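Structure assessment
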Amino acid sequence: MKHILITLVLSLSIYSLSLAQDNNTTITGQDNPNATYRLYPTTNVWTFLKLNTQDGRIWQVQYDVKDNNRFEVYLNLTPLAFGSEKKNGRFTLYPTQNIWTFILLDTINGKTWQVQWSQESEKRFIIPIL
């Protein structure tokens, strides 16, 4: 019985160490600094924002598991960086406490934009924060 208990404790310890090590070294698509596109979750379980990290263009992406309510619509199709200014990871999104609002940051020059997503097209926009 003592042998089984020791084996069980050692096995659990080794398993715990391997989990801790995995948590420290896991790299996801979100963590990849060279990713051209990133998906940002919203507080709406069905909705993500897709960001082109090179030029700042953003799309609202909605998925569905039962019906046919899947879609992808643009929030801004006008690039905010051009030519040699485009670099992977240049733009990033930050959620706010308002579920419909994100802040877009240009990590090179510090410019910011208010990003609004919505199920209603007339309520979707992106405007500079001056």
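In this report, the structure presented in the accompanying data block is examined. Remember, it's a predicted structure, so these values are computed and weren't measured experimentally. (Residues numbered from 1 in each chain as written. Predicted model: local features only at pLDDT ≥ 70, side-chain atom pairs only at ≥ 80, totals over all residues. Heavy atoms only, no water.)

With that out of the way, let us pick up the pairing of strand 3 (residues 58-62). Of all the five residues making up strand 3, five are buried; the element is thus mostly covered by neighbouring parts of the structure. The alternating pattern of strand 3 places I58, Q60 and Q62 on one face and W59 and V61 on the opposite face, and all of these are buried. When strand 2 (residues 47-52) meets strand 3, the two strands line up antiparallel, connected through five bridges. In the sheet register, L49 faces strand 3, and the bridge partner there is Q60. In this structure, the hairpin formed by strand 2 and strand 3 is closed by a connection of five residues, where G56 is found at a positive phi of approximately 85°. Relative to strand 4 (residues 71-76), strand 3 runs antiparallel, the two sharing five bridges. By the bridge assignment for strand 4, W59 is matched with Y74. (Buried < 20%, exposed > 50% of the residue type's maximum accessible area, 1.4 Å probe, protein only. Helix = DSSP H or I, 4+ residues; strand = E, 2+ residues; numbered from the N terminus. Pairing = 2+ DSSP bridges.)

Okay, the nonpolar core next. Core analysis: the largest hydrophobic core is formed by 14 residues, its most contacted members being L49, L51, I58, L93, F102, L104 and V115. If you list the elements that add at least two residues to this core, you get strand 2, strand 5 (91-95), strand 6 (101-106) and strand 7 (112-116). Not counting residues within four places of it along the chain, the set of residues in contact with L51 comprises T36, Y37, R38, Y40, G56, R57, I58, F91, T92, L93 and L104. (Core = buried A, V, L, I, M, F, W, Y, C linked by side-chain atoms within 4.5 Å. Contact = heavy atoms within 4.5 Å.)

Across the sheet, four strands lie side by side as 1-2-3-4; this open sheet has antiparallel pairing. The open sheet has two edge strands with one neighbour each: strand 1 (37-41) and strand 4. The sheet shows a mean angle of 25° between the axes of neighbouring strands, taken without regard to direction. With five bridges joining them, strand 1 and strand 2 adopt antiparallel strand pairing. Paired with P41 across the two strands is F48, which belongs to strand 2. (Axes fitted to C-alpha atoms, helices over the stretch in contact; angles between N-to-C directions.)

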